[in-house]
Number of protein chains: 2
Amino acid sequence: MPARIDFQTEPSRYRHWKLKVSGSRADLILDVDENGGLFEGYQLKLNSYDLGVDIELADIVQRLRFEHPQVRVVVLQSGKDRVFCAGANIRMLAGATHAHKVNFCKFTNETRNTIEDASEASGQKYLCAIKGTAAGGGYEMALACDHIILADDGNSTVALPELPLLAVLPGTGGLTRVTDKRKVRRDLADAFCTMEEGVRGARAVKWRLVDQSVPNSKFEAAVGQTVAQLTAGPETKPDATGIALTPISRTFEGDTIAYSSLQVDIDRESRRATLTIRGPDTAPPETADQMQAAGAGFWPLRLARELDDAILHLRSNEPELGTIVFKSSGDPVKVAAYDAFLDANDTYWLAREILLYWKRVLKRIDLTSRSLVTMIEPGSCFAGTLAEIAFASDRSFMLDGTLKGDNRPPATLALTALNFGRYPMSNGLSRLETRFIGEPESVGAARDTIGSALDASDCDRLGLVTSAFDEVDWEDEVRIFLEERASFSGDGLTGMEANLRFAGPETMETKIFGRLTAWQNWIFQRPNAAGAEGALKRYGTGVKASFDPERV
Amino acid sequence: MPARIDFQTEPSRYRHWKLKVSGSRADLILDVDENGGLFEGYQLKLNSYDLGVDIELADIVQRLRFEHPQVRVVVLQSGKDRVFCAGANIRMLAGATHAHKVNFCKFTNETRNTIEDASEASGQKYLCAIKGTAAGGGYEMALACDHIILADDGNSTVALPELPLLAVLPGTGGLTRVTDKRKVRRDLADAFCTMEEGVRGARAVKWRLVDQSVPNSKFEAAVGQTVAQLTAGPETKPDATGIALTPISRTFEGDTIAYSSLQVDIDRESRRATLTIRGPDTAPPETADQMQAAGAGFWPLRLARELDDAILHLRSNEPELGTIVFKSSGDPVKVAAYDAFLDANDTYWLAREILLYWKRVLKRIDLTSRSLVTMIEPGSCFAGTLAEIAFASDRSFMLDGTLKGDNRPPATLALTALNFGRYPMSNGLSRLETRFIGEPESVGAARDTIGSALDASDCDRLGLVTSAFDEVDWEDEVRIFLEERASFSGDGLTGMEANLRFAGPETMETKIFGRLTAWQNWIFQRPNAAGAEGALKRYGTGVKASFDPERV
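Criteria and thresholds
- Residues numbered from 1 in each chain as written.
- Chains lettered and ligands numbered in written order.
- Predicted model: local features only at pLDDT ≥ 70, side-chain atom pairs only at ≥ 80, totals over all residues.
- Heavy atoms only, no water.
- 1 Å grid on protein atoms, 1.4 Å probe; cavity = no way out; pocket = protein on both sides within 12 Å on 5 of 7 lines; lining within 4 Å.
- Points joined across faces, edges and corners; volume = space filled by probe spheres on them.
- Helix = DSSP H or I, 4+ residues; strand = E, 2+ residues; numbered from the N terminus.
- Nonpolar A, V, L, I, M, F, W, Y, C, P; charged D, E, K, R; others polar.
- Buried < 20%, exposed > 50% of the residue type's maximum accessible area, 1.4 Å probe, protein only.
- Least-squares fit on C-alpha atoms with pLDDT ≥ 70 in both.
- Contact = heavy atoms within 4.5 Å.
- Buried area = accessible area lost by both parts, 1.4 Å probe.
- Salt bridge = Lys/Arg side-chain N within 4 Å of Asp/Glu carboxyl O.
- Polar contact = N/O pair within 3.5 Å; in protein donor to acceptor, adjacent residues only side chain to side chain.
- Phe/Tyr/Trp six-rings, centres within 6.5 Å; stacked < 30°, edge-to-face > 60°.

### What about empty space enclosed by the protein?
Residues and elements named next belong to chain A.
Here is step 1: Under the counting rule described, the total for this entry stands at nine cavities of 30 Å³ or more.
Here is step 2: The wall of the largest cavity is formed by 28 residues, among which Ala 58, Gln 62, Asp 308, Tyr 357 and Arg 364 lie closest to the centre.
Here is step 3: Going through the elements one at a time, helix H1 (51-66), helix H3 (98-122), helix H11 (299-317), helix H13 (349-366) and helix H20 (508-524) are the ones with two or more residues in the lining of the largest cavity.
Here is step 4: Each residue belonging to the lining of the largest cavity can be placed in one class, and the counts come to 11 nonpolar, five polar and 12 charged.

Laid out in structure tokens, this is it:
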């Protein structure tokens, strides 16, 4: 296992994917280097993947949006003969800790959702053209695409063999997308998911598992036709020229990670990471062209990338830090000015992509299984987009007034138009709508404050923070909360937070992270799957798994 | 542990509840007999409960609907001083097997849902009047009610202390109802659920945890006022006179359980139970009065009660029977005639209650974590309501033609009006709408067949069965399916079925059984809760639980 899993990569370092962009079409080829696994102890045979392969995929989906905005269709194919993708590597899963399995599944699910978001929100459609076997996570990758073409050659199949082979679920969205996206009849879905050998040809079409079954002789033509269909509508960003996602600025030193706009301070004894966001130093540019020229250095984009990286790092590499404390420093007026700039330029492709990226980063925070708390203190800049972090938190505390000897201005919080629908959670509601699900009139009251700097008593009255404390109580209250939180069972907190954060409607996305993931995590704990005689451990040994016959 | 948990009871055997009915008001008093636990090894102190207490509650809710239809409001109170209810008994939970914990939670959740169904569908409102502590499952019982009054006496509190005390979730709907029914703000919900001591008085009202906080001097008056409000609307069943839910007919003999309209045959070697439903011997009555006179002997009601009991018995007492096979024998025309009778008399209270009960029984089947398969064979009577069982199954197989030497008529399946909305699943859709979620036009095609006897080829064409086999293939196909199913991991099947059965929308009910229950089951497997040093085991020992600090 590497000392640290790095979620940053770039095209020159890809080992498993090849991307060829030509005009509005990108060809994305999965050609896994079987010796390129992230951990020791397994080979990535048959185009199977591990987290390292998926980190590259996530990077590609992201770069396609920012570096290649003119791309309108991505054709996903295999670079191997006779196999499209065998899914998540089983030896990797069998050898991984419970925490790694869970984090692996979460990240791969987020990546699949990102593909769907690129299709829906950025007009980059995904076409999956399958020759050979697409099994398990291989088929789940196809399920995230808009259109699936399966070669009708007597060999190519789609399959979800997890249950019969491994006693686990197709957990990268498979079960949910089969019923809720492909809308396969439930008994056929049951048949499909209990079938090692999968389904091919006309039957795969009839069962709604794929869109087309096409003989090899007509395969390329069918792909071309579908590419044409998927790009038939009017171009939404005709003049877009990409920007380069240059490497983020990041240094690790002891228990501090310093980014350009963010610092992570780790307190191991208290099992806590404090993320301090730095607001912008300068006012936003005046024109969209200036934003384009700033590129990856443009503050909102730079911060989003750094925050995303910090969250992913903490999730995978720091499992014992149970609480994430968000702080900020800077000028809230400048932060709000950036929000206003993005909002005013939301027809410009790059502004739109940055807003969409923030939506995804905030969702990543919502789905992070750590206790999240925001401290709104003197000198902080929780305005608009940054205030969303407070609304994504399990609790938020605000200091009323100042602390002795601190000459920074008292804390304020400010709302902008972006707090009202621009960053929906995975339940489809804004964070304020979710927060005020029992009192929708409070959303309106909050909206009426746009443009005002809200002090602690305003925020308390409007219900925007959990508690406001004055100087006398602040330190004790915060300390007691943090100590108490750290004393609870992390598993209990994970389950509780996964329930309390998502009031109201459910979507395919929340079903994947709620119902499907929670059941999968349960199964990952059960001896039938993960025990010494379980199916994950016994797979490939020639010895059949031994199952406890009890149903619970 | 008793040799067999019996889900049948009756008022004369209640040990934990007192019910007093007077006109349209019922007073329901929880007064747990601490020596009346279902298992050895714990005492039910502080009005805490185990499955036995909940079996009585379920019986009461059911009898109120059938035996006391004139009741319009049920006032739930405690019979003990200073404590309303301490929730599920912790020593019971600590000592229970994983399977028992899961089944216990499922049944108690179903009972809470039944309370809400009685309120919504039968006009029997529940008012919870709390004096003393309502903690954990005690408060969750209150959450299932329409209105909560909390005494403002400096002592009475509501609390969900599961997480801080036991490292588990408030799993009897608590987390879901706090966010989705009471619509408590999420950070306040987080504060509430991490607080051992709970919340009282005006703060409980402000946080939306209760509806009223009332001093003792005005408590009875407030209860009376709310009773008056809850019964203010027009009476919906003014002339209803209850029927007696007489004991069901049931004998256990070896591996057979014989009911009057149902037989359960257990094949232990194959780990399978076959439930054979017997259709009615006679035509339905001509008038509603005749149905009323038949009372609990009326075939649809009798079968519903027997089927409900059989399912509950298999769930709790036969955990190793992984597959339930549904069969039937009888005249499908008569079955359809009963459906027509119920449909035509649906303004008569008893017909409506029977339809509502079938809705609940079918939901109980949906939520049963066994593989469900229906065999539609010659001589069977899967029509209308009984056809729902086939649609609730993971697979259905139909014999096309007859078997050699069998002179019964070839199998048919028939639909009635009741298949189209009368029995919604917990996702709010009918089983046919869920089945055909990808092709809604198929629901219309199915509806057009009402009144026809559909043979195997019709059913295959209409998509109403998974597969139809002729005499040549039938035995082999069925045998192979059943053998293969029994070879899979039961845990994997449980997770898979819990995902595939519920396509489409989610409701508070599906959230409870999906998101909340799945996370709770995961936590029940984790050492932090259930291990030797976990919080459940250590509770009350004076030694603090030892937690693995890792978050997953």
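### Observations concerning the environment of Gly 154 of chain A
Residues and elements named next belong to chain A.
Here is step 1: Looking at the secondary structure, you find Gly 154 in the loop between strand E7 (147-151) and strand E8 (157-159).
Here is step 2: For Gly 154, a relative accessible area of 49% puts it in the partly exposed group.
Here is step 3: In this structure the C-alpha to C-alpha distance between Gly 154 and Ser 261, which are 107 residues apart in sequence, comes to 54 Å.

### Here's the deal with the relation of the copies chain B and chain A
Here is step 1: The operation relating chain B to chain A is a screw motion whose rotation component is 180 degrees, with 0.0 Å of axial translation and a residual RMSD of 0.0 Å. Here the copies are linked by what is in effect a two-fold axis.
Here is step 2: Comparing interface residues between copies, 100% of those in chain B also lie at the interface in chain A; the contact surface is shared.

### Here we look at the interface of chain B and chain A
Here is step 1: In this complex, chain B contributes 80 residues to the contact, which on the side of chain A involves 81 residues.
Here is step 2: If you sort the residues of chain B by the area they bury against chain A, Arg 186, Arg 515 and Arg 551 of chain B come out on top, with a joint share of 13%.
Here is step 3: Seen at the junction of chain B and chain A, the total is 16 salt bridges.
Here is step 4: Our count for the chain B to chain A interface comes out at 57 residue pairs in polar contact (both at pLDDT 80 or more).
Here is step 5: Elements with a minimum of two residues in the side of chain B that touches chain A: helix H3 (98-122), helix H5 (162-166), helix H6 (174-180), helix H7 (186-193), helix H14 (385-392), helix H18 (471-487), helix H19 (490-500) and helix H20 (508-524) of chain B.
Here is step 6: Tallied by class, residues from the side of chain B that touches chain A come to 32 nonpolar, 24 polar and 24 charged.

### Structural notes on the packing of aromatic side chains
All names here are of chain B.
Here is step 1: Tallied over the entire structure, the rule returns 22 aromatic pairs over all chains.
Here is step 2: Centroid distance Phe 7 to Phe 107: 5.2 Å. Interplanar angle 55 degrees. Geometry classified as tilted. With Phe 7 in the segment before strand E1 (17-22) and Phe 107 in helix H3, the pair connects residues that are 100 residues apart, well separated along the chain. Both residues of the pair, Phe 7 and Phe 107, belong to the buried class.
Here is step 3: For the ring pair Phe 298 and Tyr 338, a centre distance of 5.6 Å and an interplane angle of 50 degrees mean the geometry is tilted.

Read these as layout, nothing more, since geometry by itself doesn't imply function.
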